[in-house]
Amino acid sequence: MKYAAVLGYGTVGSGVVEVIETNFDLIAKNAGDAIKVKYIVDIRDFSNDPHADLFVKDFATVEADPEVNVVVETIGGINPAYDFTKRALKAGKSVVTSNKELVATHGAELLALAKENSCNYFFEASVGGGIPIIRPLCQCLAANRVDEVLGILNGTTNYILNRMITGGLTFEAALSEAQEKGYAERNPAADVEGHDACRKICILSALAFGRHVYPDAVVTEGITKVTLEDVAYAENGDMVIKLLGRAKRTEDGKIYAFVGPHLVPKSELISNVNGVFNSVMVRGNAVGDTMFYGRGAGKLPTASAVVADVIDACQHTDCTKYAGWEDTTESILADSNDFVSAYYVRVSGESVRSAVNNAFGEVSFLSRDGAKADECACITAPMSKRELDEKVKILSESCVVYAPMKVLALD
Ligand code: HSE
């Protein structure tokens, strides 16, 4: 028998307990040993819960119990999750988590700590919820030099954009709907400002490129400035707007990493990832393009990935599976101002088209029903962000320029 302790009995934690119980026999077969939840740590009162006898309030009980093999951290956030994780690893217990903020911030240190103590720190559920992506990247694609990783990494924003596109809802109305359905939190900043997607691309970048990438070093833009006008112009260009997290290797071995709304041609597979679904594309130098798709959030999809980690941890109780990634002060990040992309630009002002041509040269103009006489939108030639900023500055002297967006072009 192997024993797990679940920290935090929220949506994911309760899903983990449910999956471990519902699939008990099947999990025992797959793991080669039965797995039971011995403790649930939560400071709240669950005396009426069917699992009331498993609850403890003090993590020290778990820490001191030699029978506990695996600690499941589903508290979220940095504290006290960081402290509990370090204490569990130091006690030689493997830790599995869905906590992307903790992995993105302290992952290198926690992986090193796991190695020092001959146990494991697993985080399959931290990116893409139930989608298998961490293990495929570390194991199945281990023979590749990864050249690019990109994805729709946040279900809430994908739902909002999708409702703007298919339902004609404004950003604010789509956000309210997402909150009513329980997809978006009451404080939706982490999702709509792109921070959640940023943490996830940091984790994928560290795995793919071997060096810790800190969230505050990644240029991050959310979807709050996207309007129905943008949606209509994108449609005219046979494109949809998606929030993408991207990391791309440069020729000198650095990486560009950023998060932002993109216009995605409908011919790209990822343009069809709708609602709360997530998708990750990984490009390897041997395999070419691979694509992973599924539910990026939710109780049971996330628990599916967490419990798979629990099984893996139970099968590897005396060795560390992953070497982790480097945590050096020298950043692996290239200056994202040098990244070259075509841009979507929406502008209003007098003689707007000639002003756009003066600033950008040749562009492809888009159209939309109900466009005002003084507005236009276009797709520029490929240019660096630095060049774009210079041209926008010139154009802004005579016109209003709305937030430009990159146009996805996979070569
Ligand atoms: N808020 C996240 C999302 C949850 O919407 O994708 C899963 O990380």
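Here, every reference points to the structure presented above.
Here we summarise the structure given alongside this text. Not measured: the values here are computed from a predicted model.

Here we look at the site of the ligand
Next up, step 1: In the vicinity of the ligand, the residues found are Lys100, Asn154, Gly155, Thr156, Asp191, Asp196, Lys200, Gly296 and Ala297.
Next up, step 2: Contacts to the ligand include Lys100, whose side-chain N or O atom sits 2.6 Å from an oxygen atom.
Next up, step 3: Against a free-state accessible area of 260 Å², the protein chains account for coverage of 81% of the ligand.
Next up, step 4: When contributions to the shell around the ligand are tallied by element, the ones reaching two or more residues are helix H7 (155-167) and helix H10 (195-209).
Next up, step 5: Grouping the constituent residues of the shell around the ligand by class yields 1 nonpolar, 4 polar and 4 charged.

A closer look at the side chain of Lys406
Next up, step 1: Within the secondary structure, Lys406 sits in strand S18 (residues 405-407).
Next up, step 2: Despite its burial, Lys406 pairs with no opposite charge, the nearest such side chain being Glu221 at 6.6 Å.
Next up, step 3: Among the polar contacts made by the side chain of Lys406, one reaches the side chain of Tyr343 at a distance of 3.4 Å.
Next up, step 4: Dropping the residues within four chain positions of it, Lys406 is found in contact with Phe258, Pro261, His262, Leu263, Phe339, Ser341, Ala342 and Tyr343.

Some thoughts on the pattern of salt bridges
Here the idea is simple: oppositely charged side chains can pair when their charged atoms come close.
Next up, step 1: Under the defined criterion, the tally for this structure stands at 29 salt bridges.
Next up, step 2: A salt bridge links Arg246 to Glu148; the shortest N-O distance between them is 3.6 Å. Linking Arg246 in strand S9 (residues 239-249) with Glu148 in strand S7 (residues 146-152), this pair joins segments that are 98 residues apart in sequence. Just as Arg246 is buried, Glu148 falls in that class too.
Next up, step 3: Across the salt bridge formed by Asp411 and Lys248, the nearest N and O atoms sit 3.5 Å from each other. Residue Asp411 is found in the segment after S18, and its partner Lys248 is found in strand S9; the two are separated by 163 residues along the sequence.
Next up, step 4: When its relative accessible area of 21% is taken as the criterion, Lys248 is described as partly exposed.
Next up, step 5: By sharing partners, the salt bridges in this structure join Glu148, Arg246, Lys248, Arg283, Asp289 and Asp411 into a single network.

Points about the packing of aromatic side chains
Next up, step 1: All told, the structure shown has 11 aromatic pairs when counted by the stated rule.
Next up, step 2: Their ring planes at 55° and their centres at 5.8 Å tell us that Tyr121 and Phe123 sit as a pair that is tilted.
Next up, step 3: Look at Tyr121 and you get buried, because its relative accessible area is 1%.
Next up, step 4: Residue Phe123 is classed as buried on the basis of its relative accessible area, which comes to 3%.
Next up, step 5: Aromatic pair Phe122 and Tyr322: ring centres 5.7 Å apart, planes at 65°, arrangement edge-to-face. With Phe122 in strand S6 (residues 121-122) and Tyr322 in the loop between helix H12 (299-315) and strand S13 (340-349), the pair connects residues that are 200 residues apart, well separated along the chain.
Next up, step 6: Note on Phe122: relative accessible area 2%, which makes it buried.
Next up, step 7: Ring pairs connect the aromatic residues Tyr9, Phe46 and Phe55, which therefore count as one cluster.
Next up, step 8: The lysine or arginine in question, Arg346, covers the ring of Tyr402, its NZ or CZ lying 4.1 Å from the ring centre.

What counts as what
- Residues numbered from 1 in each chain as written.
- Predicted model: local features only at pLDDT ≥ 70, side-chain atom pairs only at ≥ 80, totals over all residues.
- Heavy atoms only, no water.
- Near = heavy atom within 4 Å.
- Polar contact = N/O pair within 3.5 Å; in protein donor to acceptor, adjacent residues only side chain to side chain.
- Areas by Shrake-Rupley, 256 points an atom, 1.4 Å probe, with all protein chains shown as cover.
- Helix = DSSP H or I, 4+ residues; strand = E, 2+ residues; numbered from the N terminus.
- Nonpolar A, V, L, I, M, F, W, Y, C, P; charged D, E, K, R; others polar.
- Buried < 20%, exposed > 50% of the residue type's maximum accessible area, 1.4 Å probe, protein only.
- Lys, Arg positive; Asp, Glu negative; His and termini not counted.
- Salt bridge = Lys/Arg side-chain N within 4 Å of Asp/Glu carboxyl O.
- Contact = heavy atoms within 4.5 Å.
- Phe/Tyr/Trp six-rings, centres within 6.5 Å; stacked < 30°, edge-to-face > 60°.
- Lys NZ or Arg CZ within 6 Å of the ring centre and 35° of its normal.

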